[in-house]
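Remarks on the overall topology
The chain contents come next:
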Amino acid sequence: MSATSPVPSSISLTRYLIEEQRAGRINPDLRLLIEVVARACKTISIAVGKGALGGVLGEAGTPGEASMNIQGEAQKKLDVLSNEILLEANAWGGHLAGLASEEMDTSHPIPDVYPRGNYLLLFDPLDGSSNIDVNISVGTIFSVLRCPDGVTQAADKDFLQAGTEQVCAGYTTYGPSTMLVLTIGNGTHAFTLDREVGSFVMTTRNMTIPEETKEFAVNMSNQRHWQPPMQAYVADLLSGKEGPRGKDFNMRWVASMVADVHRILTRGGIFSYPLDAKCADKGGKLRLMYEANPMSFLVEQAGGAASTGRQRMLEVQPTGLHMRVPVFIGSKQEVETAVRYHREHDAEQ
Ligand code: P6P
């Protein structure tokens, strides 16, 4: 009789977090926070998965008068629902001193009836939601900071910490499968939702981004609005092996940051949303606190890099909850190349 091979024991998210707590890398409050966010993402996954059958597609607000968020963007019904799911799930746990969301003008206090904790949670409840109505992957992005000592009810200013201060970051992508990708500063790991059991199971430990790539993600329709170094960088990508880069590149653009970054974490690439004339006055299109910073923490933990084009993303000092930044993120050598185009351009000015 052949020796039975040991059945690979599946590592659930709960088991992973307990082992990290046992190793002293997280405390029980942070473990609870991550579990609560993951549970909320499962609820969002169910709502997103119902699609047209759930009566939650289309824009929020009344016919002809869409509700708008602080960003000036029309809110989808699922934006509002996802935001409410995350607020409700995190209100009573006693692990937070405040929450901030892309969908809310200012930070959200923990109701007085509930205990408070030492963490701050920031999230984009449903990133890429303009893709919802056409059935393309969307996602939830979240970031966790420590609340400043002595603060029990956080104000906006308490959230304004550089990305290096994050203790946890993650996203859940609602695609063909629902996947939670997480870092607590000890690597970046992927968990896939087992819908039959209802739990996230680790499917990739220590995601690693190849340092080099042949794939870039950018919205080319903005090309004429870019600054010169970005135009020069992409022109050289497009010139392929006949050009200065000496190799051909491929392009992908989902217009859902979670989907584009997940592809990059899985097989490499560079994602960029640079300054362009349309958003230069705002500092960029993507938001620092709940898009760029959590994605940068995840990517750096996977061996990649993230920059504004002129500064390491995680070292940007926030000036507001909804601060926008230019973004270059992905394969380390490619991000460094894009930064070099900007540095050389600036040196000539
Ligand atoms: P554009 C989605 O609205 C988002 O914030 C990111 O998820 C995505 O990468 C970007 O904007 C898409 O922007 O200008 O191509 O629609």
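In this text the structure is predicted, and so the values were computed from the model without any measurement. (Residues numbered from 1 in each chain as written. Predicted model: local features only at pLDDT ≥ 70, side-chain atom pairs only at ≥ 80, totals over all residues. Heavy atoms only, no water.)

**What to know about the overall build of the protein chain**
- Tallying secondary structure elements over the protein chain gives eight helices and 16 strands in all.
- Relative to the globule expectation of 20 Å for 349 residues, the C-alpha radius of gyration of the protein chain, 20 Å, shows essentially globular dimensions.
- Taken over the C-alpha atoms alone, the protein chain extends approximately 70 × 60 × 45 Å along its principal axes.
- Taken across its 349 residues, the protein chain has 54% of its residues classed as buried.
- Counting contacts in the protein chain only where the partners sit at least 6 residues apart, residues at least 24 apart contribute 64% of the total.
- Carbon and sulfur atoms make up 51% of the accessible area of the protein chain, which amounts to about 15,200 Å² in all.
- Here the protein chain contributes 32 positive and 40 negative side-chain charges, whose respective centroids are spaced 4 Å apart. (Helix = DSSP H or I, 4+ residues; strand = E, 2+ residues; numbered from the N terminus. Rg over C-alpha atoms; globule rule 2.2 N^0.38 Å. Buried < 20%, exposed > 50% of the residue type's maximum accessible area, 1.4 Å probe, protein only. Contact = heavy atoms within 4.5 Å. Areas by Shrake-Rupley, 256 points an atom, 1.4 Å probe, with all protein chains shown as cover. Lys, Arg positive; Asp, Glu negative; His and termini not counted. Charge placed at Lys NZ, Arg CZ, Asp CG, Glu CD.)

**Focus: the UniProt feature "domain: Fructose-1-6-bisphosphatase class 1 C-terminal" (unreviewed entry) in the protein chain**
- In the UniProt entry, the feature "domain: Fructose-1-6-bisphosphatase class 1 C-terminal" (unreviewed entry) is given for residues 209–342.
- For residues 209–342, helix accounts for 35% and strand for 15%, while the C-alpha atoms at its two ends are 23 Å apart. (UniProt positions renumbered as here; feature names shortened; annotations may be inferred.)

**Looking at the pairing of strand β12 (residues 270–273)**
- Neither face of β12 is left uncovered, since the one carrying Ile270 and Ser272 and the one carrying Phe271 and Tyr273 both have all their residues buried.
- As judged from the four bridges shared by β12 and strand β16 (residues 327–330), these two strands associate in the antiparallel manner. Paired with Tyr273 across the strands is Val327, a residue of β16. (Pairing = 2+ DSSP bridges.)

**A short note on the packing of helix α6 (residues 257–267) against helix α7 (residues 288–301)**
- In the contact formed by α6 and α7, the axes pass within 11 Å of each other and the chain directions differ by 10 degrees. As far as their axial angle goes, α7 and α6 are roughly parallel. Crossing of α6 against α7: the hand is right-handed. Residue-level inspection shows Met257, Val258, Val261 and Leu265 of α6 in contact with α7, the latter providing Glu291, Ala292, Met295, Leu298 and Val299. (Axes fitted to C-alpha atoms, helices over the stretch in contact; angles between N-to-C directions. Parallel < 35°, antiparallel > 145°, perpendicular 65-115°, else oblique. Left-handed = near helix turned anticlockwise from the far one by under 90°.)

**Examining the layout of surface pockets**
- The computed volume of the second largest pocket comes to approximately 250 Å³.
- Taken together, 15 residues make up the lining of the second largest pocket; nearest its centre are Val48, Gly49, Asn135, Tyr174 and Gly175.
- Ranked by residues supplied to the lining of the second largest pocket, first place goes to helix α2 (residues 28–50) with three residues.
- Looking at the lining of the second largest pocket, its residues break down into seven nonpolar, seven polar and one charged. (1 Å grid on protein atoms, 1.4 Å probe; cavity = no way out; pocket = protein on both sides within 12 Å on 5 of 7 lines; lining within 4 Å. Points joined across faces, edges and corners; volume = space filled by probe spheres on them. Nonpolar A, V, L, I, M, F, W, Y, C, P; charged D, E, K, R; others polar.)

**Some points on the packing of aromatic side chains**
- For the structure on display, the rule yields four aromatic pairs.
- Relative to Phe191, the ring of Tyr16 lies with its centre 5.5 Å away and its plane at 55 degrees, an arrangement referred to as tilted. Within this pair, whereas Tyr16 is found in helix α1 (residues 13–22), its partner Phe191 is found in strand β8 (residues 188–194), the two being separated by 175 residues in sequence.
- For Tyr16, a relative accessible area of 1% translates into the label buried.
- Classification of Phe191 as buried rests on a relative accessible area of 0%.
- Measuring from centroid to centroid gives 5.4 Å for Tyr233 and Tyr341, while their planes differ by 70 degrees, and the two rings are edge-to-face. You can see Tyr233 sitting in helix α5 (residues 228–238) and its partner Tyr341 sitting in helix α8 (residues 332–348), a full 108 residues away along the chain.
- The buried category is assigned to Tyr233, whose relative accessible area is 2%.
- One aromatic cluster is present, formed by Trp253, Phe271 and Tyr273 through successive ring pairs. (Phe/Tyr/Trp six-rings, centres within 6.5 Å; stacked < 30°, edge-to-face > 60°.)

**Overview of a nonpolar patch on the surface**
- A cluster of nonpolar side chains, contributed by Trp92, Val113 and Tyr114, occupies part of the molecular surface with about 320 Å² of accessible area.
- Within the element layout of this structure, Trp92 appears in the loop between α3 (77–91) and β3 (96–101).
- Classification of Trp92 as partly exposed rests on a relative accessible area of 41%. (Patch = residues over 30% accessible without salt bridge, like charges linked within 9 Å, V, L, I, M, F, W, Y side chains within 5 Å. Salt bridge = Lys/Arg side-chain N within 4 Å of Asp/Glu carboxyl O.)

**Some details on the sheet that holds β16**
- Here we have five strands laid out as an open sheet, ordered β11-β10-β12-β16-β14, and mixed in their pairing. Single-partner strands in this sheet number two, and they are β11 (250–251) and β14 (305–307).
- As defined by bridge partners, strand β10 (residues 215–217) adjoins β12 across two bridges and the pair is classed as parallel. Looking across to β12, one finds that Phe216 is bridged to Ile270.
- Sheet strands touched by α8: β12, β14 and β16. Its angle to β16, the strand with the most contacts, is close to 155 degrees.

**Observations concerning the site of the ligand**
- Surveying the vicinity of the ligand reveals 13 residues, the closest of which are Asp127, Asn219, Trp253, Met257 and Tyr273.
- Contact distances for the ligand include 2.7 Å between an oxygen atom and a backbone N or O atom of Met257.
- Protein contacts shield 83% of the accessible area of the ligand, which totals 400 Å² for the unbound molecule.
- Elements represented by at least two residues in the shell around the ligand include exactly β12 and β13 (286–287).
- For the shell around the ligand, a count of residues per class yields six nonpolar, three polar and four charged. (Near = heavy atom within 4 Å. Polar contact = N/O pair within 3.5 Å; in protein donor to acceptor, adjacent residues only side chain to side chain.)

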